[in-house]
Amino acid sequence: GIQVEQSPPDLILQEGANSTLRCNFSDSVNNLQWFHQNPWGQLINLFYIPSGTKQNGRLSATTVATERYSLLYISSSQTTDSGVYFCAVARDSWGKLQFGAGTQVVVTP
Amino acid sequence: DTEVTQTPKHLVMGMTNKKSLKCEQHMGHRAMYWYKQKAKKPPELMFVYSYEKLSINESVPSRFSPECPNSSLLNLHLHALQPEDSALYLCASSQDRTGRRNQPQHFGDGTRLSIL
């Protein structure tokens, strides 16, 4: 199956800092999503971004499908940004999402 | 993603009990999914329903039995579970994905299941 690698595995940020999370995938995909899982376990859709660039407030994402990677940018981080960020991809029309291992982000005051 | 509603939020059951998890969406999505997530691990797909028909079973043990009574509802029936089945169970839905570019999946808040 398709391999999804996320880096870094852990990230500690001071409030107000910027950061970049990376997702590499091993094959062409037709779905790529970024999620934030908060400490209560809620999995929140951040972006549906199989290609191109999108922005939503302090978050933005870019996927370069031809080079098989996606980046998630967090600017001016806040303590509420803490949690695990997952990248997930699907290659086939059955919609089977394959998740990466996630990046654990801790934002300190 | 609060458009997918899962009940109950928490469930504690013994190994001999029978219980069911429920998932509901009213977005008109025609594909629905069950995922299992163990602590500090990513979600893993269990089942996919498309147009109320089971299309993928990821070799899940028969003690988990999915059911899709209509396009808005998805159940997961549990029987004779083991302690290692304790996990967060997530439901998701997406728009028609048959023969088209994948659509984003929207997740519910999950049911946290503990097996005694």
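Counting starts from 1 at the beginning of each chain's written sequence and moves along it residue by residue. Chain labels run from A onward and ligand labels from 1 onward, assigned in the order the entries are written. Two thresholds apply to this predicted model, a pLDDT of at least 70 for residue-level local features and 80 or more for giving and counting side-chain atom pairs, whereas whole-chain, interface and lining totals are computed over all residues. Computation of side-chain values covers all heavy atoms of the structure but excludes hydrogens and water.

Undergrad: Can you help me understand the side chain of Asn31 of chain A in this one?
TA: Residue and element names in this part refer to chain A. Here a strand is any run of E in DSSP of at least two residues, a helix any run of H or I of at least four, and the numbering for each starts at the N terminus. Assignment of secondary structure puts Asn31 in strand E4 (residues 31–37). Exposure classes here rest on a 1.4 Å probe applied to the protein chains alone. A residue is buried below 20% of its type maximum, exposed above 50%, and partly exposed in between. Under the relative-accessibility criterion, Asn31 is labelled buried at 0%. Counted as a polar contact is a pair of N or O atoms within 3.5 Å, where, for protein atoms, one must be capable of donating a hydrogen and the other of accepting one, and residues adjacent in sequence contribute only when both atoms are in side chains. A polar side-chain atom of Asn31 sits 3.4 Å from a polar atom in the side chain of Gln33.

Undergrad: I would appreciate a short explanation of the pattern of salt bridges in the present structure.
TA: A side chain with one charge may pair with a side chain of the opposite charge, provided their charged atoms come close. Salt-bridge detection follows one rule: a side-chain nitrogen of Lys or Arg within 4 Å of a carboxyl oxygen of Asp or Glu. All told, the structure shown has seven salt bridges over all chains when counted by the stated rule. Across the salt bridge formed by Arg91 of chain A and Asp27 of chain A, the nearest N and O atoms sit 2.3 Å from each other. Taken as a pair, Arg91 of chain A in the loop between strand E9 (83–90) and strand E10 (98–99) and Asp27 of chain A in the loop between strand E3 (19–25) and E4 lie far apart in primary sequence, 64 residues in all. Between Glu24 of chain B and Lys22 of chain B there is a salt bridge; the shortest N-O distance is 4.0 Å. Judged by its relative accessible area of 27%, Glu24 of chain B falls in the partly exposed class. Residue classification places Lys22 of chain B among the partly exposed residues on the basis of a relative accessible area of 36%.

On their own, these measurements won't tell you what the molecule is for.
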